[in-house]
Each structure stands twice: as C-alpha cells, then as structure tokens.
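If you want the building blocks of each chain, they are given just below.
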Amino acid sequence: MNRQIQRYGEIPLKLANLSLLILFPIAWFAPLLRAGLMPLFGLDEISVLTGLQSLWGSDIPLALVVTALALFAPYLKTIGLALVHFRLASPRILAALNILGKLAMADIFLIALYIVIVKGVGYATIEVAWGMYLFTACILASIAISYLTEK
C-alpha cells in the first residue's frame, strides 16, 4: 500500500519537471527587464537571449559563462531529473544535478547585481518584466523538484 502511495506521489513531480522543459525556453525569450536611458526615452526589453546576443558581441568569455549558467545548467538538470524519474538513469547522478542547480541559480544573482549597479548610477531606468519572475520561478521549481526527488 505504501509503495502505491509513493508511486502516485511521483506523477505530479514528473509532470512538474517535464513542464520545465517547456517553461525554460519560454523564459529565455520572455522579457526579463525593460531598460532605457533616463525615463524620457523608450525602454528596450531585454531577455535572456537578447542579453546573450549582446554579450557575444562584446565579451565572449563572459558570454560563455552566462550561456552555461542561464541555458545549459538548468536544462541539463531538468533532463537529468527526468531520466532519474523515469528510471533511465541512476539516482547517484542527483549529486551532480544538485551542483547544476546551484550554477543555474547564479545567473539570477548576476541579473540582480546588474540591476543594483545600474540603478545606483541613476542615469538609467530599469523595470523588472514578467520574464524575470517566470525565469526565477523555473529555477526555484527546479530546486524544489530536485529536493523532493532526493527524498
């Protein structure tokens, strides 16, 4: 009986994790910020992908790091968790997936740091857009799913 209850509890966890495979790419295209010079000028929307495009043109080493943190780390972790959920990979990989999750959260910190720095300058206007909340929710959901999977 306890085994059946445990199996039924796995289904929502599997579905939540699989939904991240759809939600992460949406979050990459969604506007994270609206930024502009002074409030008089129009605000440009910045997404993960437009930010990465800008970085690739100006700072390739930083672009490599941010690409790994923002795109590859969370997506690989989600795929890894799906493989564990469907018993296609050993639960021993959960430790490595936990590290990927920590790396994925680092880019949220970087974005927050950029906002604080730009707002401190006072010449720019920054507004947080809905994509920032979606992206943060995806990262936090991935952490929660990983935690529940380990239990």
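Residues numbered from 1 in each chain as written. Predicted model: local features only at pLDDT ≥ 70, side-chain atom pairs only at ≥ 80, totals over all residues. Heavy atoms only, no water.

> Would you mind going over the packing of helix α2 (residues 48-58) against helix α3 (residues 60-85) with me for this structure?
The geometry of a pair of packed helices is captured by two quantities: the angle between their axes and the separation between those axes. The contact between α2 and α3 brings their axes to 7 Å, and the two run at 155°. As far as their axial angle goes, α3 and α2 are roughly antiparallel. By crossing handedness, the relation of α2 to α3 is classed as left-handed. In this structure, α2 uses Val48, Leu49, Leu52, Leu55, Trp56 and Ser58 to contact α3, whose residues at the interface are Ile60, Leu62, Ala63, Leu64, Val66, Thr67, Ala70 and Leu71. Partitioned by chemical class, the residues of the contact of α2 with α3 number twelve nonpolar, two polar and no charged. (Axes fitted to C-alpha atoms, helices over the stretch in contact; angles between N-to-C directions. Helix = DSSP H or I, 4+ residues; strand = E, 2+ residues; numbered from the N terminus. Parallel < 35°, antiparallel > 145°, perpendicular 65-115°, else oblique. Left-handed = near helix turned anticlockwise from the far one by under 90°. Contact = heavy atoms within 4.5 Å. Nonpolar A, V, L, I, M, F, W, Y, C, P; charged D, E, K, R; others polar.)

> Sorry if this is basic, but what is going on with the packing of aromatic side chains here?
We describe a pair of aromatic rings using the distance from one ring centre to the other and the angle between the two ring planes. Inspection of every chain in the model, using the stated rule, returns three aromatic pairs. Members of the aromatic cluster, joined through ring pairs, are Phe24, Trp28, Tyr75 and Phe135. (Phe/Tyr/Trp six-rings, centres within 6.5 Å; stacked < 30°, edge-to-face > 60°.)

> Honestly, the environment of Gly101 in this entry has me stumped. Any pointers?
If you trace the backbone, Gly101 turns up in helix α4 (residues 94-121). Along the sequence, Gly101 and Ser146 sit 45 residues apart, while their C-alpha atoms lie 8.3 Å from each other.

> What is the right way to read a nonpolar patch on the surface from this model?
Together, Ile11, Leu15, Leu18, Phe72, Leu76, Ile79, Leu83, Phe86 and Leu88 line one region of the surface with nonpolar side chains, adding up to about 840 Å² of accessible area. Among the elements that take part in the nonpolar patch, α3 stands out by supplying four residues, more than any other. With respect to the element layout, Leu15 can be found in helix α1 (residues 2-29). (Patch = residues over 30% accessible without salt bridge, like charges linked within 9 Å, V, L, I, M, F, W, Y side chains within 5 Å. Areas by Shrake-Rupley, 256 points an atom, 1.4 Å probe, with all protein chains shown as cover. Salt bridge = Lys/Arg side-chain N within 4 Å of Asp/Glu carboxyl O.)

> Would you mind showing me how to read helix α5 (residues 130-150) here?
Each turn of an α-helix holds 3.6 residues, which means side chains three or four residues apart point in the same direction. For α5, with 21 residues, the first-to-last C-alpha span of 30 Å sits near the 30 Å given by 1.5 Å per residue. Taken as a whole, α5 has its buried residues at Gly131, Met132, Leu134, Phe135, Thr136, Cys138, Ile139, Ser142, Ile145, Ser146 and Thr149. (Expected span 1.5 Å × (residues − 1). Buried < 20%, exposed > 50% of the residue type's maximum accessible area, 1.4 Å probe, protein only.)

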